Structures are given as C-alpha cells and as structure tokens.
Amino acid sequence: MDALLQQFFNFDIMMQASPIILRGFGMTLLLCLVVIPMGLLGGLAVALASLSPIRTVRWITIIFVDLFRAIPPLALLIFVSAGLPFADIRVSPFAAVCISFLLNNSAYYGEIYRSGIESIGAGQTDASRSTGLSASQTMAYVILPQAVRNVLPDLISNTVEVVKLTSLASVVAFAELLYAADMARSVTYNASPITFAAVLYLLVLWPVVRLLSRLENKMQN
Amino acid sequence: MSYEKLKVLRGINIDVRPSELVFIIGPSGSGKSTLLRCCNRLEEPDSGEIIVDGEAITAKGANLNAIRRRIGMVFQSFNLYPHLTAGGNVMLALRKVLGKPKAEARAIAEAALVRVGLADKIDNYPNQLSGGQQQRAAIARALALEPKIMLFDEPTSALDPELVGDVLNVMAELKRSGMTMVVVSHEMRFAKAAADRVVFMDGGVIVEQGAPADLFANPKQKRTRDFVGQIEQ
C-alpha cells in the first residue's frame, strides 16, 4: 500500500514537477483554444457542403467525412508530421497537430451539425423563404440557431473528446500536459506526475461532463 | 395567375382579381396546396406562367426574394420560428430583408400583432402561445411585410375547434380591408360568408368554380356534388 502511494501519489514529487506540468497544462489549454474553434468552424463548413445542391460537392464531402472518421487520429497526426516533410513542407509540431485535428474534428463536428440541420422541419424553410429571406439567410437566422440547440449535447460531448485527444500531441513532441508529465515521470522514475496531469484533466472536464449530463436530462424532458 | 401542364396540376388557368377572396376546396391529393405553393414558387412549376401584380414570377431572371415578400403565406402547421419570440418572428424579415432598423421593425411588429389581437404577446415564445395565437402570429409575420396578396394553406386544419374562430375573424378582417386572398380550406361556413368565389379541384384540374352560394347549393359536376355532400355532413 505504501509503495503504491509512493509511486502514484507522491506529493513532494508532484510539487517538484509542478512548474513543468503547469507549463504543459498551459500549452494544452492553448491547443484547445486553437483546435476547438477551428474544428467547430471546419465542421460547419463540412455540414453546409454536405447539404450543397451541387452533387459533386456532396460527394467530395462524403469522401472527406468517411476518410477522416475512419483514420485513427494518431495515425493521421504522425502522417502529417512525418509525411509532409517528404513533400518539402516543414511543419512545426504545433502546426502538425492543428492540421490533423482540423481534418479529424471537421469530419466529426460536421456530422453533428448535419444531423442538427436535418432535424429541422421543411416548414421552417418554407416560412422563411416565403417572407423573402434568401437560402443563406434562412440557414443563418432560422435553421442553424435551432439546429445547434438541438445538437448542443453532442457538440459538447465531442468537444470533451477533443480536449482529451490533445494528449496525442505528446507523440510529436509538442510539450502539452501529458508530454510534460511523462517527461517528469521519466526523470523522477515515479508515476505521480501522471496522476497530477490526470487530476488537471479531471478538474477541467468534470464540470463540463456534469453540465452535459444535466443538459441531456433537460432535453429529454 | 395561370398555369399549364404541370405534373400534379394540369391545364390550370385561373385569375384572381385584386381584393378577391378565392377559396380552393378539393380532396387531399387534388393539388390545391401545390397550386398555392406555386404562387410564390415554394414549389417549382415545370411549365406555365404565373403572374402576380403584373410581374411574371416564373420568368427566368425573376428576383424571387423580392417577389416573395409581397406574397404573404400562412401554413397549416404555423411554422413559427420556435427560437424567436412572436415579435422576433415578425421582425426577422423586416430586419434582414427590408433592412429596417430595430426600433422601426419592432414598431411595425407591434402594429401587426395588434391587428391580429396579440398586442400583449410580442415577447412570448411560440411554445407559450395556443395554436390559434400561434397561427395569428404567423399571419402577423406575413402582414408586416405589407403583401399584395395572402396565401392561406389550410390555416385552421391543425387547430382545436374552439380556436378556429379567432383565426377566421382575423381573415375576415383582412378581407374587409381589401386584401387579395387565396385560401385552401374546408371551412365551409367561412367560405359561404366571406369568399367571392369557390374553386373545386380534383386530380390536378379545376373541376368547377363559382360563387359560393351557387357552387355549394347547385354543383353542376358529380364530383363536386359528392365532395360537397361529404364535407357538409
């Protein structure tokens, strides 16, 4: 029991590692601030493209969504960071993470938006168009506000997944929270920094997950 | 308005005069809603011509959005925007299509809601309104754009019987104010009281039309007789 506490819950080691871990935590937050809005916007673009009146655009979107939902995000990240240099494109670890997350997240968020948009009855479009609003105004002011509200739990749930997936960035040596904690672990030969990192993830995500449960309950009633 | 050779509608030729209230009746699937929806091109006619207020709305370069705001439409299921208040529903097109400033749009919305008897409901959301109130708010939404013609697609079919009267009263007031109206509905008593002409459609064609008193009392065609007999029971 004592060995377990020593190995995973060593408070002194956590304190020692805290500067590097907190810096990593800051990088994780920064990464989230970049990749989540990018994914939300990219997903919206994907959803709108998937409902395009032009058949070719719809087909390209279907291929895009299928491809990036089927490729494991870690494989995609390694491919972008290790593959692009062969095409003479040098990308920083941060850029590689952003690119691969944009591709992966746009596909997932896009499907969520699309199901939201499709949940809105045709009568709403009829009413809006009959008053002279254009197709894009109808989308912006009538359909999307309702669609987003209908799929808000799914959007939040996917965002929680994205936050957790940012730990993949450690694989390409981007010094985010898990990377920093793992460095501290290898230096101290002690797993307590990992525990510390897990607690930080928990502190950020637990309130969100709680909110999500309440929202889901509320929407069922 | 005239149409020719449609799939659901065939060989339809009908004129509506200014300030006229034309009632369209007919069994379901007879094409009466489709006819109505062609009038603002929510439904695209395959061929034929539709002229509203002197403008051929089926013309190639027709500015649909400009035309549509002069053609008000009221739907069976109201189709109010649930995320906006009654006032917000009325204001949306005023703001985004006509570009009215917020204060002016709200003043127009208030006036439109007063006209349909919903003066105190401007800040209520659709789910806080009864069916009849929702439909009247939907009428206000169309009226606020000062349309030349109003299309009603079974405006009372989704309402509880005790709420029908309020909506019909608003429509009767509109008629008295000189609005041109085309109404798809089975409210026979209203048709007899307010309609200038009743058109009976079946199978995508106009079977018979005439003044309500004539058409209901002495239908010439057997199909009309059968239908009128059924709904008057």
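Scope of this entry: the structure provided in the associated data block.

What counts, and at which threshold
Residues numbered from 1 in each chain as written. Chains lettered and ligands numbered in written order. Predicted model: local features only at pLDDT ≥ 70, side-chain atom pairs only at ≥ 80, totals over all residues. Heavy atoms only, no water. Helix = DSSP H or I, 4+ residues; strand = E, 2+ residues; numbered from the N terminus. Contact = heavy atoms within 4.5 Å. Areas by Shrake-Rupley, 256 points an atom, 1.4 Å probe, with all protein chains shown as cover. Lys, Arg positive; Asp, Glu negative; His and termini not counted. Charge placed at Lys NZ, Arg CZ, Asp CG, Glu CD. Salt bridge = Lys/Arg side-chain N within 4 Å of Asp/Glu carboxyl O. Buried < 20%, exposed > 50% of the residue type's maximum accessible area, 1.4 Å probe, protein only. Buried area = accessible area lost by both parts, 1.4 Å probe. Polar contact = N/O pair within 3.5 Å; in protein donor to acceptor, adjacent residues only side chain to side chain. Core = buried A, V, L, I, M, F, W, Y, C linked by side-chain atoms within 4.5 Å. Pairing = 2+ DSSP bridges. Axes fitted to C-alpha atoms, helices over the stretch in contact; angles between N-to-C directions. Right-handed = clockwise from strand over helix to strand, strands pointing away.

**Overview of the overall build of chain A**
Argument step 1. What chain A contains, in helices and strands, is 10 helices and zero strands.
Argument step 2. Along chain A, from the amino end to the carboxyl end, the secondary structure elements read α-α-α-α-α-α-α-α-α-α.
Argument step 3. With respect to the three principal axes, the spread of C-alpha positions in chain A is 70 × 50 × 25 Å.
Argument step 4. Residue pairs in contact within chain A that sit at least 24 positions apart in sequence constitute 76% of those at least 6 positions apart.
Argument step 5. Working note: accessible area of chain A is about 11800 Å², and carbon and sulfur atoms make up 68% of it.
Argument step 6. With 13 positive and 12 negative side-chain charges, chain A shows a separation of 8 Å between the mean positions of the two kinds.

**As for the pattern of salt bridges**
Argument step 1. For the coordinates displayed, the defined rule picks out 22 salt bridges over all chains.
Argument step 2. One salt bridge connects Asp 53 of chain B with Lys 148 of chain B, and the closest N-O pair in it is separated by 3.7 Å. Of the two residues, Asp 53 of chain B is situated in the loop between strand 2 (51-52) and strand 3 (55-56) and Lys 148 of chain B in the loop between helix 5 (131-143) and strand 5 (149-153); the sequence distance between them amounts to 95 residues.
Argument step 3. A residue is classified by how much of its surface remains accessible, and Lys 148 of chain B, at 47% relative accessible area, is partly exposed.
Argument step 4. Glu 173 of chain B is paired through a salt bridge with Arg 115 of chain B; the nearest N and O atoms lie 3.4 Å apart. Of this pair, Glu 173 of chain B sits in helix 6 (residues 161-176) while Arg 115 of chain B sits in helix 4 (residues 102-115), and the two are 58 residues apart along the sequence.
Argument step 5. In this structure Glu 173 of chain B comes out as partly exposed when scored by relative accessible area, which is 26%.
Argument step 6. Relative accessible area serves as the criterion here: at 36%, Arg 115 of chain B is assigned to the partly exposed category.
Argument step 7. Taken together, the shared-partner salt bridges connect Arg 69, Glu 111, Arg 114 and Glu 118 of chain A into one network.

**Topic: the environment of Leu 215 of chain B**
Residue and element names in this part refer to chain B.
Argument step 1. Tracing the backbone through its elements, the reader meets Leu 215 in helix 8 (residues 212-217).
Argument step 2. Counting along the chain gives 111 residues from Leu 215 to Glu 104, while the straight-line C-alpha distance between them is 45 Å.
Argument step 3. Aside from chain neighbours lying at most four places away, what touches Leu 215 is Ile 25, Val 198, Glu 208, Gln 209, Gly 210, Thr 224 and Val 228.

**Comments concerning the interface of chain B and chain A**
Frequently, the measure chosen for interface size is the accessible area that the parts lose on association.
Argument step 1. Of the residues lining the interface, 20 residues belong to chain B; the matching set on chain A comes to 17 residues.
Argument step 2. Overall, the association of chain B and chain A removes approximately 1600 Å² of surface from exposure, summing both partners, and the carbon and sulfur fraction of that is 57%.
Argument step 3. Among the residues chain B hides against chain A, the three largest losses belong to Tyr 81, His 83 and Lys 96 of chain B. Together they make up 34% of the total.
Argument step 4. At the boundary of chain B and chain A, one finds one salt bridge.
Argument step 5. The salt bridge involving Asp 126 of chain A is made with Arg 37 of chain B; its shortest N-O contact spans 2.8 Å.
Argument step 6. Across the contact surface, chain B and chain A share six residue pairs in polar contact (both at pLDDT 80 or more).
Argument step 7. Of all the elements, helix 3 (residues 86-96) of chain B adds the most residues to the side of chain B that touches chain A, at three residues.

**A word on the nonpolar core**
Argument step 1. Membership of the largest hydrophobic core comes to 115 residues, with the highest contact counts inside it found for Ile 139 and Met 150 of chain B.
Argument step 2. By residue number, the principal contributor to this core is helix 5 (residues 93-118) of chain A, which donates nine residues.
Argument step 3. In this structure Ile 139 of chain B touches Val 74, Val 116, Met 150, Phe 152, Val 167, Val 170, Met 171 and Leu 174 of chain B, once residues within four positions along its chain are discounted.
Argument step 4. In this structure, Met 14, Ala 17, Phe 25 and Ala 181 of chain A belong to the second largest nonpolar core, which totals 11 residues.

**Description of the sheet that holds strand 7 (residues 197-202) of chain B**
Residues and elements named next belong to chain B.
Argument step 1. Taken in spatial order, the six strands of this open sheet run 4-5-6-1-7-8, and their pairing is mixed. A single partner strand is all that each edge strand has here, and the edge strands are strand 4 (71-74) and strand 8 (205-210). Pairwise comparison of adjacent strand axes, ignoring direction, gives a mean angle of 20° for this sheet.
Argument step 2. Sheet topology note: the strand 1 (residues 21-25)/strand 6 (residues 180-184) ladder contains four bridges and is parallel. Note on strand 6: the bridge partner recorded for Phe 23 is Val 183.

**Here we look at the pairing of strand 5 of chain B**
On any regular strand, side chains alternate: one points to one face of the sheet, the next to the other face.
Residue and element names in this part refer to chain B.
Argument step 1. With five of five residues buried, strand 5 lies mostly within the body of the structure.
Argument step 2. Side chains Ile 149, Leu 151 and Asp 153 of strand 5 all project onto a buried face; the interleaved residues Met 150 and Phe 152 project onto the opposite face, where all are buried too.
Argument step 3. For strand 4 and strand 5, the ladder comprises four bridges, and the chain directions are parallel. Counted as the bridge partner of Met 73 is Leu 151 from strand 5.
Argument step 4. Judged from the five bridges that link them, strand 5 and strand 6 form a sheet pairing that is parallel. In the sheet register, Asp 153 faces strand 6, and the bridge partner there is Val 184.
Argument step 5. With respect to chirality, the unit in which strand 5 leads through helix 6 into the neighbouring parallel strand 6 is right-handed.

None of this, on its own, says anything about what the molecule does.
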